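Letter by letter, the chains look like this.
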Number of protein chains: 2
Amino acid sequence: MVKCTICGVREAFYARLYSGEKLCAKCFLESIEYKVRATIAKHKMFEFNDRIAVAVSGGKDSVSLLHILAKIEKDFPRASLNAIIVDEGIKGYRDEAIEIAAENSAKHGVTYTVISFKELYGFTLDEIAEITKSGDLTPCSYCGVLRRKALNMVAKRSGATKIATAHNLDDEIQTFMLNIIHGDPMRIARTGPTYNDEEPWFIPRVKPLCEVLEKEITLYAYLKGIRFQESPCPYASAALRNDVRNALNRLEEKHPGIKYTIYGSTEKIREAIRERKPKIHLNQCAVCGEPTTGEICQACQLLQKINVH
Amino acid sequence: MVKCTICGVREAFYARLYSGEKLCAKCFLESIEYKVRATIAKHKMFEFNDRIAVAVSGGKDSVSLLHILAKIEKDFPRASLNAIIVDEGIKGYRDEAIEIAAENSAKHGVTYTVISFKELYGFTLDEIAEITKSGDLTPCSYCGVLRRKALNMVAKRSGATKIATAHNLDDEIQTFMLNIIHGDPMRIARTGPTYNDEEPWFIPRVKPLCEVLEKEITLYAYLKGIRFQESPCPYASAALRNDVRNALNRLEEKHPGIKYTIYGSTEKIREAIRERKPKIHLNQCAVCGEPTTGEICQACQLLQKINVH
């Protein structure tokens, strides 16, 4: 029997290759929660009295995040959590996810708000996909932009002072690589563990799971018996992101630890890019008032596209 | 018969996927030379009267670079070219490369200087490999550092005002990725098409092939009938670089053009990093006087390691 490197008592079940540790289930779970607490502290993600809007999709990452934040929040009686569940309107997929997200929120005594594309924009994603199917954009292009806007709007309405999303370390380095691949590295300035545009109308964003590997957050969810949606979105294409994910996974497999060193580099590069003048500040969209780098936000531009179809 | 996109007359033999062009041999060769000229102009790599030291290993890149620079130099009578051939001392491998490098230099009427590890450092690479085989460094670690130092020393001795190396676009983006993977992205400041430390004793470096794909410079060498060494170095390991190369090749195959967009991003990130204060300036090594970021250059540190073995 191989014993756990941390407690030295229980049997190890998981080999953490990048650190050389062999961990029992209990120490593994604690290590994840500890890491999330450390990430939150290091990046000063929260104030003691924050009203935190957590974006919950029902997937492993967001449901685990909700679980961990609910646990941490117990120590901060003046802080509050509210789950925001965006219903894009995807038949046979979203319904289950919403039910799971709602169930998990209720389990932790967290209030939740469901907001749908249909009520916000007049169309479900299924309808948008049908309307725009001859166009040059995939449903994912619409969904990502419209979901972010929905999240912002609801967070603002509910008086949230922070928006927490469940991006994990793999998501972060994939996004970094995609920005590099798209030839648009200046966007890296607006990614990262925290982002605050320092405008009074902008709700700062935080990513408490950004230093946890996707593999380990999945394991966390399974071990905790957390119910989450496992089936992928029927529209999921993201061919390039999948290729980048595979490339990074192959590299990590052969050279354990690479994902963390890449992550460290993204932080340093982000810092260098953020220090540059002139900084890119966000404006308020001339149509809807939500944050945008231009005059009219991407969401309003896309909605215009749908409406003229 | 598919006709060449450029001349519209000759038969195309090569499909340049990233641009959609189909090219005949003549137009392909011209496009490479044109691209090198454009890179040189864009980055103001040379003055009309530069004394250019070209690092020639005998491989496809360096011999092609020599070929192209010799052609360009004809228009600049006050400029001069000198090939620098570093003999690391690798039995059964380097001898052929040196013969090829010397032959190509002579063919273009370019003077050349051969400098060996043995005369500079007292050891051949074979001897270093033998001496250090129980150590933690590969022969490649010694070779890279000592070769760069040798190049610098000979260039300085011969009064060179520029050092040209034959790094192609693939080399550049691999190095970028490796700096990211090693968690050391600030090194990116000292990479790129040109690097000048702006110290009087520092010889600026230029990379005229940095915007040409490895695949295309290989094709150039074959089509031109240029003789180059095809066998790989017997010590070549560079496991991680090979993995990165494979990952990038796979991505490029599925998404043609990715290497160029990645390259574009490396340029923007380098600019952001170079603009940061405080800048890292190079010092002169306390032992040998060559450039170093610390007090004693890496080469002298490695030589010390060899000598105490």
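Residues numbered from 1 in each chain as written. Chains lettered and ligands numbered in written order. Predicted model: local features only at pLDDT ≥ 70, side-chain atom pairs only at ≥ 80, totals over all residues. Heavy atoms only, no water.

Novice: Can you tell me about the overall build of chain A, naming the residues and giving the values?
Specialist: Regarding its fold elements, chain A presents eleven helices and ten strands. Counting over 309 residues, chain A shows a buried share of 52%. In chain A, 71% of the contacts between residues at least 6 apart in sequence involve partners at least 24 apart. Surface accessibility of chain A: about 14,400 Å² in total, with carbon and sulfur atoms responsible for 53%. (Helix = DSSP H or I, 4+ residues; strand = E, 2+ residues; numbered from the N terminus. Buried < 20%, exposed > 50% of the residue type's maximum accessible area, 1.4 Å probe, protein only. Contact = heavy atoms within 4.5 Å. Areas by Shrake-Rupley, 256 points an atom, 1.4 Å probe, with all protein chains shown as cover.)

Novice: Tell me about the interface of chain B and chain A, residues and numbers included.
Specialist: The interface of chain B with chain A comprises 30 residues on the first partner and 30 residues on the second. In total, about 2,400 Å² of surface goes out of reach between chain B and chain A, with carbon and sulfur atoms giving 66% of it. Three residues stand out in chain B for area buried against chain A, namely Ile180(B), Ile181(B) and Arg276(B), and they jointly supply 21% of the buried area on that side. Counting across the chain B and chain A interface gives two salt bridges. With a shortest N-O distance of 2.9 Å, Lys254(A) and Asp243(B) are connected by a salt bridge. Put simply, chain B and chain A have ten residue pairs in polar contact (both at pLDDT 80 or more) between them. Secondary structure elements with two or more residues in the side of chain B that touches chain A: helix H7 (169-181), helix H9 (239-254) and helix H10 (258-275) of chain B. (Buried area = accessible area lost by both parts, 1.4 Å probe. Salt bridge = Lys/Arg side-chain N within 4 Å of Asp/Glu carboxyl O. Polar contact = N/O pair within 3.5 Å; in protein donor to acceptor, adjacent residues only side chain to side chain.)

Novice: Now, about the pattern of salt bridges: what can you tell me, with residues and values included?
Specialist: Residues and elements named next belong to chain A. Tallying each qualifying case throughout the model produces 48 salt bridges over all chains. Residue Lys26 is joined to Glu30 by a salt bridge in which the shortest nitrogen-to-oxygen separation is 3.0 Å. Here the residue Lys26 and the residue Glu30 both occupy positions in helix H1 (residues 25-42), the gap between them amounting to four residues, near one helical turn. Since its relative accessible area comes to 46%, Lys26 is described here as partly exposed.

Novice: I'd like a rundown of the packing of aromatic side chains, residues and numbers included.
Specialist: In total, this model carries 14 aromatic pairs over all chains according to the counting rule given. Arranged with centres 5.6 Å apart and planes meeting at 80 degrees, the rings of Tyr195(A) and Phe202(A) form a pair that is edge-to-face. Look at Tyr195(A) and you get buried, because its relative accessible area is 10%. On the basis of an interplanar angle of 45 degrees and a centroid distance of 4.7 Å, the ring pair of Tyr18(B) and Tyr260(B) is categorised as tilted. Here Tyr18(B) is found in the loop between strand E1 (14-16) and strand E2 (21-23), whereas its partner Tyr260(B) is found in helix H10, with 242 residues between them in sequence. (Phe/Tyr/Trp six-rings, centres within 6.5 Å; stacked < 30°, edge-to-face > 60°.)

Novice: Explain the relation of the copies chain B and chain A residue by residue, including any values.
Specialist: With an RMSD of 0.0 Å, the fit of chain B onto chain A corresponds to turning through 180 degrees and sliding 0.0 Å along the axis. As the rotation angle and translation indicate, the two copies are arranged about a two-fold axis. Looking at chain B, 100% of its interface residues are interface residues in chain A too, so the copies touch through the same face. (Least-squares fit on C-alpha atoms with pLDDT ≥ 70 in both.)

Novice: Give a description of unusual backbone geometry that names residues and reports values.
Specialist: Positive phi outside glycine occurs at Lys44(A), with the angle close to 45 degrees. According to the relative accessible area criterion, Lys44(A) is exposed, its value standing at 69%.

Novice: I'd like a rundown of the domain arrangement of chain A, residues and numbers included.
Specialist: Residues and elements named next belong to chain A. Annotation of chain A at the domain level lists domain 1 (1-42) and domain 2 (45-270). Each of domain 1 and domain 2 was reduced to a C-alpha centroid, and the two centroids are 25 Å apart. At the interface, 16 residues of domain 1 touch 25 residues of domain 2. Taken over both partners, the interface formed by domain 1 and domain 2 buries close to 1,900 Å², and the fraction arising from carbon and sulfur atoms is 69%. Looking at the side of domain 1 facing domain 2, the largest losses of area belong to Tyr18, Glu33 and Ile40, adding up to 30% of the total buried there. Among the ionic pairs, Glu211 bridges to Lys42, the shortest N-O distance being 2.9 Å. In this assembly, domain 1 and domain 2 are joined by eight residue pairs in polar contact (both at pLDDT 80 or more). Secondary-structure elements contributing two or more residues to the side of domain 1 that touches domain 2 are strand E1 (14-16) and H1. Among the residues forming the side of domain 1 that touches domain 2, the class breakdown is ten nonpolar, one polar and five charged. (Domains from an automatic or database assignment. Nonpolar A, V, L, I, M, F, W, Y, C, P; charged D, E, K, R; others polar.)

Novice: Kindly report on the sheet that holds strand E3 (residues 51-55) of chain B, identifying the contributing residues and their values.
Specialist: Sheet strands line up and pair through hydrogen bonds in the backbone, either parallel or antiparallel. Residue and element names in this part refer to chain B. The sheet built from six strands is open, its strands ordered E5-E4-E3-E6-E8-E7 with mixed pairing. Each end of this open sheet is capped by a strand with a single partner; those strands are strand E5 (111-116) and strand E7 (194-195). When E3 meets strand E6 (residues 162-164), the two strands line up parallel, connected through three bridges. When the sheet's bridge partners are listed, Val54 is paired in E6 with Ala164. (Pairing = 2+ DSSP bridges.)

Novice: I'd like a rundown of the side chain of Glu252(A), residues and numbers included.
Specialist: Residues and elements named next belong to chain A. Turning to its location among the elements, Glu252 is positioned in helix H9 (residues 239-254). Put simply, Glu252 is tucked away with no salt bridge, and the nearest opposite charge, on Lys259, sits 5.6 Å away. Contact partners of Glu252, with chain neighbours within four places excluded, come to Tyr18, Gly257, Ile258 and Lys259. (Lys, Arg positive; Asp, Glu negative; His and termini not counted.)

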